[in-house]
Amino acid sequence: MKRRIFIATTALAASVGFAGTAAAQTKWDFATAYPAHNFHSKNNEQFVKDVEAATQGKLKITPHFGASLFKMPEIKRAVQTGNAQMGEFFLVSFQNEAPIFGADGLPFLVGSYDDAYKLYQAQKPALQQLLDKQGQVLLYSVAWPPQGIYTKKPVNSAADLKGMKWRVYSPTTARIGELVGAQPVTIQEAELSQALATGVIEGLITSSATGADNKLFENLKHYYNVQAWIPKNAVTVGKKAFNALSKEEQEAVLKAATEAEERGWKASREVDAKSIETLKAGGMIVEEGSPELKADLVKVGEVVIKEWLEKAGKDGQAILDTYKTGK
């Protein structure tokens, strides 16, 4: 009888201990809109693994790829309201909400990854402050490859874009479409392939990675690598969720975030080169763009930057001044 009591007591203690461990584990949902094979998603997945390892499983983050938890336009709001603890969103898509989000989408402001990172450092303090007011903590931000133009027909100047059904994903891409006389159509990435296959759109500006991921060469024939701008995704966590962590767990998350940002920017450069080769292999004609096209686009860019500054005011001017002077 004593042996049975001992065994039962031991089993009960073990179950209580297990329950205590389970109760101590914090679980977060991480909403993102990109497919699991996308380089941003792979980087996010590594971040999740690093956090779990650093916290010895006390913080478990579950990534939800391909807009399976929330659609792309809903993710930022989901983090703000606590419906998802973490989320990844495309900064320039929220430029109408606050001009600061659109700084990295200004056409022909940067011409290289080094310039884009420099602009990010100028933008980052204002970005952190804005997100903080919205109940979020900026964990890391990673650049997409430079944006280029995809079309069905050859384009030698901006005039060739007139009347084209033009996919837009942000206020900037919509404004560019208006300035060149195209017909802007809002299409999210998850709907891109179908929109192209059904003729809803005939051209767009996006990255080489998006073009390769979505096999744009199946419906479009030309890619002009004009490097219009180098936009970024931001990965944020709700302040309430972050503040509920222990100091050690917070430090683990921030350390993993720093590593994810560094790893992500490196991966973006590599993905750009590979993606361009994928486009070529798929039969797409890849060109730099004619001098006339580039000149036309620079003029469009000047208009967009001027309009952005009118809305962004002193904060926007401060970002551009810091970017240009490095101070």
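The protein has the name C4-dicarboxylate ABC transporter substrate-binding protein in an unreviewed UniProt entry, where Comamonas kerstersii is given as its organism.

Undergrad: Even after reading the chapter, I still don't get the sheet that holds strand β11 (residues 285-287), so can you show me in this structure?
TA: Sheets are built from strands paired through backbone hydrogen bonds, the pairs being either parallel or antiparallel. Strand order in this open sheet of 6 strands is β7-β6-β8-β5-β9-β11, and the pairing throughout is mixed. Looking along the sheet, the strands with just one partner apiece sit at the ends: β7 (183-186) and β11. Strand-to-strand twist in this sheet, taken as the mean axis angle between neighbours without regard to direction, amounts to 30 degrees. Packing of helix α5 (residues 171-179) onto the sheet brings it into contact with β6 (165-168), β7 and β8 (203-207), and relative to β6 it is tilted by some 160 degrees.

Undergrad: Before we go on, may I ask you to explain the pairing of strand β10 (residues 232-238) in this structure?
TA: Looking down a regular strand, the side chains alternate between one sheet face and the other. With 7 of its 7 residues buried, β10 lies for the most part within the structure. Burial along β10 is two-sided: the residues K232, A234, T236 and G238 and N233, V235 and V237 are all buried. Pairing between strand β3 (residues 86-90) and β10: 5 bridges, direction antiparallel. Following the sheet pairing, E88 is matched in β10 by V235. Pairing geometry for strand β4 (residues 136-143) and β10, over 7 bridges, is antiparallel. Looking at the pairing, V142 lines up with N233 of β10.

Undergrad: I keep staring at the pairing of strand β5 (residues 147-151) and nothing clicks. Help me out?
TA: With 5 of 5 residues buried, β5 is to be regarded as a mostly interior element. Residues Q147, I149 and T151 of β5 are buried on one face, and the alternating residues G148 and Y150, pointing to the opposite face, are buried as well. As judged from the 5 bridges shared by β5 and β8, these two strands associate in the antiparallel manner. Each bridged residue has a counterpart across the sheet, and for I149 the counterpart in β8 is I205. Taken together, the 3 bridges between β5 and strand β9 (residues 222-224) define a ladder with antiparallel strand orientation. Its bridge partner lying in β9, Y150 is registered against Y223.

Undergrad: Teacher, can you tell me more about helix α4 (residues 113-133) here?
TA: Along an α-helix, residues three or four apart share an orientation, since each turn contains 3.6 residues. Here α4 spans 29 Å end to end across 21 residues, near enough to the 30 Å set by a 1.5 Å rise per residue. The largest bend along α4 measures about 45 degrees and falls at Q123, with the proline P125 one to four residues further on. Looking only at α4, the buried set comprises Y113, A116, L119, Y120, A122, Q123, L127, L130 and L131. Just downstream of α4 lies G135, where phi reads positive at about 80 degrees.

Undergrad: How should I be thinking about the nonpolar core in this particular structure?
TA: Buried together is how nonpolar side chains tend to be arranged in soluble globular proteins. Core analysis: the biggest nonpolar cluster contains 86 residues, and F47, I61, M86, L139, Y140 and W166 have the highest contact counts within it. Sorting elements by how many residues they give to this core places helix α10 (residues 291-325) first, with 10 residues. Core analysis: the next-biggest nonpolar cluster, separate from the first, contains 13 residues, L192, I201, L220 and Y223 among them.

Undergrad: Mind showing me how you'd approach the packing of aromatic side chains here?
TA: The relation between two aromatic rings is expressed through the spacing of the ring centres and the mutual angle of the planes. Tallying each qualifying case throughout the model produces 10 aromatic pairs. Here the aromatic rings of F47 and Y140 are separated by 5.2 Å at their centres, their planes lie at 55 degrees, and the arrangement is tilted. Here F47, found in helix α2 (residues 39-54), pairs with Y140, found in strand β4; they are 93 residues apart in sequence, far enough to count as distant. Residue F47 shares its accessibility class with Y140, and that shared class is buried. Aromatic side chains Y117 and W265 sit 5.0 Å apart centroid to centroid with 90 degrees between the ring planes, which places their arrangement in the edge-to-face category. Here the residue Y117 occupies a position in helix α4, and W265 occupies one in helix α9 (residues 247-281), the gap between them amounting to 148 residues. Taking the relative accessible area as the measure of exposure, W265 reaches 7% and is therefore buried. By way of ring pairs, the aromatic residues Y34, F39 and W144 are connected into one cluster. A cation over a ring is seen here: K76 above F94, with NZ or CZ 5.4 Å from the ring centre. Here the guanidinium or amino end of K118 rests over the ring plane of Y323, the centre of that ring lying 5.5 Å away.

Undergrad: Hey, could you run me through empty space enclosed by the protein in this one?
TA: Sizing a probe to match a water molecule and rolling it over the atoms shows the empty space that remains. Following the criterion strictly, the structure yields 3 cavities of 30 Å³ or more and no others. Size it by volume and the largest cavity reaches roughly 120 Å³. Along the walls of the largest cavity sit 13 residues, with Y34, F90, R167, E189 and T206 positioned nearest its centre.

Undergrad: Before we go on, may I ask you to explain the pattern of salt bridges in this structure?
TA: Two side chains of opposite charge can pair, provided their charged atoms sit close to one another. Enumeration over the complete set of coordinates arrives at 12 salt bridges. When the shortest N-O distance is used, the salt bridge between K60 and E52 registers 3.9 Å. A relative accessible area of 27% means that E52 is categorised as partly exposed. Note that K239 and D132 form a salt bridge whose closest N and O atoms lie 3.2 Å from each other. Highlighted residues: K239 in helix α8 (residues 239-243) and D132 in helix α4, separated in sequence by 107 residues. K239 gets classed as partly exposed once you look at its relative accessible area, which sits at 27%. On the basis of relative accessible area, D132 is assigned to the partly exposed category, the value being 38%. Salt bridges sharing common partners tie together R175, E178 and E307.

Cut-offs applied
- Residues numbered from 1 in each chain as written.
- Predicted model: local features only at pLDDT ≥ 70, side-chain atom pairs only at ≥ 80, totals over all residues.
- Heavy atoms only, no water.
- Pairing = 2+ DSSP bridges.
- Helix = DSSP H or I, 4+ residues; strand = E, 2+ residues; numbered from the N terminus.
- Axes fitted to C-alpha atoms, helices over the stretch in contact; angles between N-to-C directions.
- Contact = heavy atoms within 4.5 Å.
- Buried < 20%, exposed > 50% of the residue type's maximum accessible area, 1.4 Å probe, protein only.
- Expected span 1.5 Å × (residues − 1).
- Bend = angle between axes of the 7 residues up to and from the residue.
- Core = buried A, V, L, I, M, F, W, Y, C linked by side-chain atoms within 4.5 Å.
- Phe/Tyr/Trp six-rings, centres within 6.5 Å; stacked < 30°, edge-to-face > 60°.
- Lys NZ or Arg CZ within 6 Å of the ring centre and 35° of its normal.
- 1 Å grid on protein atoms, 1.4 Å probe; cavity = no way out; pocket = protein on both sides within 12 Å on 5 of 7 lines; lining within 4 Å.
- Points joined across faces, edges and corners; volume = space filled by probe spheres on them.
- Salt bridge = Lys/Arg side-chain N within 4 Å of Asp/Glu carboxyl O.

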